Amino acid sequence: MRQQRWFPPVALAVGLFAINVAARLIIRLGFDGDDSATSSATLIMFGVLGLTLAVWTFLACQRKRPSDWLLPDLVFGAVGGMLLTVLVGPFISGGQPFAGGAGDFFSQIWLYAGFAIVGTLLGYWLAVMLGRDYRSRSLKAFTATRAAKPRKAVRR
């Protein structure tokens, strides 16, 4: 099943949604009614989402080209996780998606998108900086191959 093309984005979306579910349950059971604790826990949740995407990107960009992991896996997984978080997540904490109004709904989308983009960029930049991304490793292997073979002299 893990070899199926749909598995990585679905697994990422479910993992991101599980982080949201855990945060919502902690807020509901531990800090029900405390607005400052709810705001702090929500920001921590978005930070964990960004960190998760940074780690996922760091690991994915070492194995595959960006065209193989960025659009199909990361974008669909993150958008799926965001849709689950924004549309299904409020039911876990006893609310509804539009109960806080359109401003609250869209602020969640902007926060999610911002932390997801920053986390992805940090993971990719860290891999590039360490020379562990797919392109850097391919260039290193190419130079090692070229350096190992002596140049053949051309006779006239």
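Everything that follows concerns the structure shown earlier in this document.
First, a word on what this report is: a plain description of the structure on this page. For clarity, every value in this text was computed on a predicted model and none was experimentally measured.

1. Looking at helix H1 (residues 7-30)
Residues three or four positions apart in an α-helix share a direction because the helix packs 3.6 residues into each turn. Here H1 spans 34 Å end to end across 24 residues, near enough to the 34 Å set by a 1.5 Å rise per residue. Within H1, burial applies to Pro-9, Leu-12, Ala-13, Leu-16, Phe-17, Asn-20, Val-21, Ala-23, Arg-24 and Ile-27. Buried residues along H1 sit in contact with helix H2 (35-63), helix H3 (66-92) and helix H4 (102-129).

2. Thoughts on the pattern of salt bridges
Where charged atoms of side chains with opposite charge meet at close range, the side chains can pair. Considering all chains together, one arrives at three salt bridges under this definition. Asp-73 is the partner of Lys-64 in a salt bridge, and the nearest nitrogen-oxygen pair spans 3.0 Å. When its relative accessible area of 25% is taken as the criterion, Lys-64 is described as partly exposed. Classification of Asp-73 as buried rests on a relative accessible area of 0%. Salt bridges here are not isolated pairs; linked through shared partners, they connect Arg-5, Lys-64 and Asp-73.

3. Observations regarding the environment of Leu-139
With respect to the element layout, Leu-139 can be found in helix H5 (residues 134-148). Considering only alpha carbons, one finds Leu-139 and Val-21, 118 residues apart in sequence, at a separation of 42 Å.

4. Regarding the packing of aromatic side chains
The way to describe two aromatic rings as a pair is by their centre distance and the angle between their planes. Here the structure, examined in full by the defined rule, presents seven aromatic pairs. The interplanar angle of 70° and the centroid separation of 6.4 Å between the aromatic rings of Trp-56 and Trp-69 together place this pair among those described as edge-to-face. With Trp-56 in helix H2 and Trp-69 in helix H3, the pair connects residues that are 13 residues apart, well separated along the chain. Plain terms: the ring middles of Phe-98 and Phe-105 are 4.4 Å apart, the flat faces sit at 35° to each other, and that makes the pair tilted. Here a set of aromatic residues connected by ring pairs shows up, and it is made of Phe-46, Tyr-112 and Phe-115.

5. As for the nonpolar core
Core analysis: the biggest nonpolar cluster contains 18 residues, and Leu-16, Leu-49, Leu-53 and Tyr-112 have the highest contact counts within it. Contributions of two or more residues to this core are made by H1, H2, H3 and H4. Setting aside chain neighbours within four positions, we find Leu-49 in contact with Leu-16, Ile-19 and Tyr-112.

6. Notes on a nonpolar patch on the surface
A cluster of nonpolar side chains, contributed by Leu-70, Leu-71, Val-75, Phe-76, Val-79, Leu-83, Leu-87, Val-88 and Phe-98, occupies part of the molecular surface with about 780 Å² of accessible area. By the element assignment, Val-79 lies in helix H3.

7. Structural notes on the packing of H2 against H4
When two helices pack together, their arrangement is given by the angle between their axes and by how far apart the axes lie. One way to put it is that H2 packs onto H4 with a least axis distance of 7 Å and a crossing angle of 35°. By crossing handedness, the relation of H2 to H4 is classed as right-handed. Taking contact as the criterion, the partners of Phe-46, Gly-47, Leu-49, Gly-50, Leu-53, Ala-54, Thr-57, Phe-58 and Cys-61 in H2 are, on H4, Gln-108, Leu-111, Tyr-112, Phe-115, Ala-116, Gly-119, Thr-120, Gly-123, Tyr-124, Leu-126 and Ala-127. In terms of residue class, the contact of H2 with H4 is built from 13 nonpolar, seven polar and no charged.

8. Considering the side chain of Asn-20
Mapped onto the fold, Asn-20 is located in helix H1. Discounting chain neighbours no more than four positions away, the residues touching Asn-20 are Met-45, Thr-85 and Gly-89.

What counts as what
- Residues numbered from 1 in each chain as written.
- Predicted model: local features only at pLDDT ≥ 70, side-chain atom pairs only at ≥ 80, totals over all residues.
- Heavy atoms only, no water.
- Helix = DSSP H or I, 4+ residues; strand = E, 2+ residues; numbered from the N terminus.
- Expected span 1.5 Å × (residues − 1).
- Buried < 20%, exposed > 50% of the residue type's maximum accessible area, 1.4 Å probe, protein only.
- Contact = heavy atoms within 4.5 Å.
- Salt bridge = Lys/Arg side-chain N within 4 Å of Asp/Glu carboxyl O.
- Phe/Tyr/Trp six-rings, centres within 6.5 Å; stacked < 30°, edge-to-face > 60°.
- Core = buried A, V, L, I, M, F, W, Y, C linked by side-chain atoms within 4.5 Å.
- Patch = residues over 30% accessible without salt bridge, like charges linked within 9 Å, V, L, I, M, F, W, Y side chains within 5 Å.
- Areas by Shrake-Rupley, 256 points an atom, 1.4 Å probe, with all protein chains shown as cover.
- Axes fitted to C-alpha atoms, helices over the stretch in contact; angles between N-to-C directions.
- Left-handed = near helix turned anticlockwise from the far one by under 90°.
- Nonpolar A, V, L, I, M, F, W, Y, C, P; charged D, E, K, R; others polar.

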